[in-house]
Amino acid sequence: MMALPVSGGGDGGGGTVADAVSGLVVLYCAIRLVRDRRRPLSRTAAVVLALPVVGIALAAAGAASPGAGITGLVRYLQIFVLVPAAVMLLIRDRRDARLVVWSLIGLALWQGAIGVHQYATGTGASYMGEEIRAVGTFGATDVMGMATVVSFGVVCALGLALGAGPGRQRTVAAVCALALLLPLALSFSRGAWIATAVTCGAQLALAGMRRAVKVFAVVAAASVILVGGLGVGTAMLQERISSITQVADAPDQSVTDRYTMWAAAVDMWRDQPLTGVGLKGFPDHRDGNASLALSSGSDTEGAGAGFKRQPLLSPHNMYLLILSEQGLLGLLALAGSWLALLVCGLRRLFAARRRAPLGLDCALVACGLLTWQLVDFAYADIGGPSTALTAVLFGLGAWWALASEEAGDR
């Protein structure tokens, strides 16, 4: 469903077809559990996956209206509890996990190919006055959608390439990872670049330093050919990359808006430190806590859509969004659940390196995706048509971290 054009221009208002399908996945999983009459989760898995429910429920009870509370409750449960649990339970072994991984890579290649075409033909989203920003099928109002999908594809492909699987699989995965670097660059998404660089570096280190040096040399050579030799977006890419180091000294308006909303989120938390202002409460309390440096919104245009002023309704930092709306209790519950998944996943990864090298590819992919998401949450939050993939990501990570030892070894 993520391969289809987003209806309504991708404005993020309401659910998507992918959200509906994720609900059907949860329903199918529930029916299977009832039919098989088996204990679905281990005690550890139940605690880790159910931990976020505490903060979410308290924040829903404290929402400004019942409608906002119910809407926020359903969304958070979908992304962080129900769909991850369903994905975890439906993946039976490494073969199933690799099917999910290759599906993510295929989706990334499809969206990336559309993005490259948008850049080459000038039919993408508006960037610095030109309609060249690669956004895939997600539209100009969700410029992070394609960047997120392509980043997932890079992480998945690199994990398979670094694993101990068949040589043909590793070769194809390496080629896919290199091919996806081009649309990732053309997304002009600084956040996706940072998260992908950090994650790939971590995957290389976990796979072994000798292999890391070889892969780094190949990536560096490919980057030189693409940017230096072929001149792919040289001037704009260099300017965009250099802007990463200017976020403190000379931030642009988008960075200034982000800093302002971060400060507003912290002020909301100070007013309600334990439980926050309630789910969906950030937009209502934003103006009362934000300084005059905050602009009225961001401009979006291109990729088949006309000019539109996009309101700033979240702090673009998942941790601060949770802190402001769910308070310290909600942040400890959700972030604690995510950290537990990563720690358990890394523990099993090190075990796989010693006794089950054939599972190393799944371990690198699962831990890599979790790492990418936790890094990206420092300057992004949930929202938009691509959010359903976040739930699949957490489900894949939960399968590797929390499933029975036999399931991970098969």
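See the structure above.
Keep in mind that this is a model prediction, so the values were computed, not measured. Within each chain, residue numbers correspond to sequence positions counted from 1 in written order. The model is predicted, so local features are restricted to residues of pLDDT at least 70 and side-chain atom pairs to those at 80 or more, both for listing and for counting; the totals for chains, interfaces and linings are taken over all residues. Heavy atoms from the whole structure form the basis of all side-chain values; hydrogens and water molecules are not counted.

**With respect to the overall build of the protein chain**
1) Next: Counting secondary structure elements, the protein chain contains 15 helices and four strands.
2) Next: Each of the 410 residues in the protein chain was classed as buried or not, and the buried ones make up 50%.
3) Next: The contacts in the protein chain between residues at least 6 apart in sequence include a share of 78% that link residues at least 24 apart.
4) Next: Accessible surface for the protein chain amounts to roughly 18,300 Å². Of this, 66% is attributable to carbon and sulfur atoms. Helix and strand definitions follow DSSP, with helices as H or I runs of at least four residues and strands as E runs of at least two, each counted in order from the N terminus. Buried means the residue's accessible area, taken with a 1.4 Å probe over protein chains only, is under 20% of the maximum for its type, while exposed means over 50%, and partly exposed covers the values in between. Two residues qualify as a contact provided that any one of their heavy atoms is within 4.5 Å of a heavy atom in the partner residue. In this description, accessible areas are obtained by the Shrake-Rupley approach with a 1.4 Å probe, and a residue is regarded as covered only by the protein chains that are shown.

**As for the nonpolar core**
1) Next: For the purposes of this section, nonpolar cores are sets of buried Ala, Val, Leu, Ile, Met, Phe, Trp, Tyr and Cys residues that join through side-chain atoms within 4.5 Å. Of all hydrophobic cores here, the largest spans 105 residues; its most connected members are Tyr76, Phe80, Met318, Trp338, Leu369, Trp400 and Leu402.
2) Next: The contacts of Met318, once residues within four sequence positions are left out, are Tyr76, Phe80, Trp338, Phe377, Ala380, Asp381 and Ile382.

**Quick look at the packing of helix α12 (residues 318-355) against helix α14 (residues 387-402)**
1) Next: Each axis is a line fitted through C-alpha atoms, and for a helix only the stretch in contact is used; angles between axes span 0 to 180 degrees, taken between their N-to-C directions. At a closest axis distance of 8 Å, the pairing of α12 and α14 adopts a crossing angle of 50°. Regarding the angle of α12 to α14, the classification is oblique. Handedness of the crossing formed by α12 with α14: left-handed. Residues Trp338, Leu341, Cys344, Gly345, Arg348, Leu349 and Ala352 of α12 form the contact with α14, whose own contacting residues are Phe394, Ala398, Trp399, Trp400, Ala401 and Leu402.
2) Next: When residues are grouped by polarity, Ala, Val, Leu, Ile, Met, Phe, Trp, Tyr, Cys and Pro land in nonpolar, Asp, Glu, Lys and Arg in charged, and all others, Gly among them, in polar. Here the contact of α12 with α14 is built from residues that sort into eleven nonpolar, one polar and one charged. Roughly parallel means an angle under 35 degrees; roughly antiparallel means over 145; roughly perpendicular covers 65 to 115; every other angle is labelled oblique. Handedness of a crossing follows from how the near helix is turned relative to the far one, being left-handed for an anticlockwise turn of less than a right angle and right-handed for a clockwise one.

**What about the pattern of salt bridges?**
If the charged atoms of two oppositely charged side chains come close together, the side chains can form a pair.
1) Next: The working definition used for a salt bridge is a side-chain nitrogen of Lys or Arg within 4 Å of a carboxyl oxygen of Asp or Glu. Summed over all chains, the structure comprises five salt bridges.
2) Next: Measuring nitrogen to oxygen at the nearest pair gives 3.1 Å for the salt bridge that ties Arg75 to Asp19. Residue Arg75 is found in helix α3 (residues 66-90), and its partner Asp19 is found in helix α1 (residues 17-36); the two are separated by 56 residues along the sequence.
3) Next: Owing to a relative accessible area of 13%, Asp19 belongs among the buried residues under this scheme.
4) Next: For Arg35, the salt bridge is made with Asp36, and the minimal N-O distance between the two is 3.5 Å.

**A short note on the environment of Leu370**
1) Next: Locating Leu370 in the fold gives a position in helix α13 (residues 360-376).
2) Next: C-alpha separation for the pair Leu370 and Phe394, spaced 24 residues apart in sequence, amounts to 6.8 Å.
3) Next: If near-sequence neighbours (up to four positions away) are discounted, Leu370 is found in contact with Leu341, Leu342, Leu393, Phe394 and Gly397.

**Quick word on the packing of aromatic side chains**
We describe a pair of aromatic rings using the distance from one ring centre to the other and the angle between the two ring planes.
1) Next: Each aromatic pair joins two rings of Phe, Tyr and Trp (for Trp, the six-membered one) with centres within 6.5 Å, and gets the label stacked for planes under 30 degrees apart, edge-to-face for over 60, and tilted for any other angle. Evaluation of the coordinates by the stated rule reveals eleven aromatic pairs.
2) Next: With centroids separated by 5.9 Å and ring planes inclined at 40°, the aromatic side chains of Tyr76 and Phe80 adopt a geometry described as tilted. Pair noted here: Tyr76 and Phe80 are both in helix α3, with a separation of four residues, about one helical turn. Accessibility classification places Tyr76 together with Phe80 in one group, the buried group.
3) Next: Relative to Trp338, the ring of Tyr319 lies with its centre 6.1 Å away and its plane at 65°, an arrangement referred to as edge-to-face.
4) Next: Overall, the relative accessible area of 3% leaves Trp338 in the buried class.
5) Next: Joined through ring pairs, the aromatic side chains of Tyr76, Phe80, Tyr319, Trp338, Phe377 and Phe394 make up one cluster.
6) Next: A ring is considered to have a charge above it if a Lys NZ or an Arg CZ atom is located within 6 Å of its centre and within 35 degrees of its normal. Positioned above the aromatic ring of Trp400 is the side chain of Arg348, whose terminal nitrogen or guanidinium carbon lies 5.0 Å from the ring centre.

**Regarding α1**
1) Next: To estimate how far a helix should extend, the number of its residues minus one is multiplied by 1.5 Å. With 20 residues, α1 extends 29 Å from end C-alpha to end C-alpha; this agrees with the ideal 28 Å at 1.5 Å per step.
2) Next: Within the span of α1, buried status applies to Ala18, Asp19, Ser22, Cys29 and Leu33. An end-on view of α1 places all buried positions within 105° of arc, on one side of the element. Those residues of α1 that are exposed and angled more than 90 degrees off the buried face are Leu24, Val34 and Arg35.
3) Next: Along its buried surface, α1 packs onto α3 and α14. In this description, the arc belongs to the directions extending from the helix axis to the C-beta atoms.

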